Amino acid sequence: MNLLEYFDLPRLREALESVADIRHPRVLFVCLGNICRSPAAEGMMLSVLQEKHAHGWTVDSAGTGNYHIGDLPDPRMRAHARRRGLELTHRCRQVREADFDRFDLIIGMDDSNIARLRALAPTPEDELKVLPMALLLSDKRHFDHIPDPYYEGAEGFETVLDLLDEGTRNLYDTMSAFGS
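Residues numbered from 1 in each chain as written. Predicted model: local features only at pLDDT ≥ 70, side-chain atom pairs only at ≥ 80, totals over all residues. Heavy atoms only, no water.

Topic: the nonpolar core
The nonpolar side chains of a soluble globular protein tend to be buried, and buried together. Put simply, the rule is: Working definition of a nonpolar core: buried Ala, Val, Leu, Ile, Met, Phe, Trp, Tyr and Cys residues. They are joined through side-chain atoms within 4.5 Å. Think of it in three bands: with a 1.4 Å probe and only protein chains considered, a residue is buried below 20% of the maximum accessible area for its type, exposed above 50%, and partly exposed in between. Working definition: helices are DSSP H or I runs of at least four residues, strands are E runs of at least two. Numbering for both runs from the N terminus. Here, residues are in contact when the closest pair of their heavy atoms is within 4.5 Å.
Phe29, Met45, Trp57, Leu105, Leu164 and Leu171 are the most contacted members of the largest nonpolar core, which has 41 residues in total. Elements with a contribution of two residues or more to this core: helix H2 (10–17), strand E1 (26–31), helix H3 (37–51), helix H4 (75–82), strand E3 (105–108) and helix H8 (154–179). Take this core: its biggest share by element is 8 residues, from H8. Apart from residues lying up to four places away in sequence, Met45 is in contact with Phe29, Trp57, Val59, Thr168, Leu171 and Tyr172. In this structure, Ala62, Phe100, Ile106 and Leu117 belong to the second largest nonpolar core, which totals 11 residues.

See the structure below:
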């Protein structure tokens, strides 16, 4: 789905127009601790790229907090992701100002992450790189953010993986359509 046509989103269009090399985008996914949502988004995006035989993308994840630096993602998220064929081996790290130079798009999972990312952005142009992941969901979803499954049961992790699967596929399709 080309989200630009489907939603006619000027915010997404503006962010995509700022991507330095649309054929080799650099994307950073961000959540609070970098142990559930953002490493799962990274794993989903890498899976989509492998499935589509897409090359040249740079994909990473980070957290706005410094709680879990160096740790693997949450064992529950890794278990649920593994059931979908994803191995989450990312080591948690905190987002830093230098990431605004390294990445074209910085995608936050909820309003708190978005606010922290915008506050960290060194320039107004860098603020434009920050997008909410929910922007990449179709309107049939009733989510304005990607919920944190940390304090939830199995259903919370599955819901997050479903949302991230849709969002990363939509990101790939939109980037591909935008670049052609």
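More follows now that the structure is in view.
Remarks on the sheet that holds strand E4 (residues 130–132)
Here is the rule we go by: By definition, two strands form a pair when at least two bridges between them are found by DSSP. Here an axis means a line fitted to C-alpha atoms, over the contact stretch when the element is a helix, while the angle between two N-to-C directions is reported on a 0 to 180 degree scale.
Pairing within the open sheet is parallel, and its 4 strands lie in the order E2-E1-E3-E4. Each edge of the open sheet is held by one strand with a lone partner, namely strand E2 (58–63) and E4. Strand after strand, the sheet turns through a mean of 25° between neighbouring axes, direction not considered. Note that E1 and E2 share 6 bridges and pair parallel. Residue pairing in the sheet places Cys31 in a bridge with Gly63 of E2. Running over the sheet, H3 touches E1 and E2 and is turned about 170° from E2.

A closer look at the environment of Asn170
Mapped onto the elements, Asn170 comes out in helix H8. Once the C-alpha coordinates of Asn170 and Ser138 are considered, the two residues, 32 residues apart in sequence, prove to be 8.4 Å apart.

Let's talk about the environment of Thr159
One can find Thr159 in helix H8. The partly exposed category is assigned to Thr159, whose relative accessible area is 24%. Between the alpha carbons of Thr159 and Ile146 there is a distance of 8.9 Å; along the sequence they are 13 residues apart.

Structural notes on unusual backbone geometry
Unlike most non-glycine residues, Asn34 shows phi in positive territory, near 60°. Mapped onto the elements of the fold, Asn34 is located in the loop between E1 and H3. The exposure class assigned to Asn34 is buried, which follows from its relative accessible area of 0%. Positive phi outside glycine occurs at His53, with the angle close to 55°.

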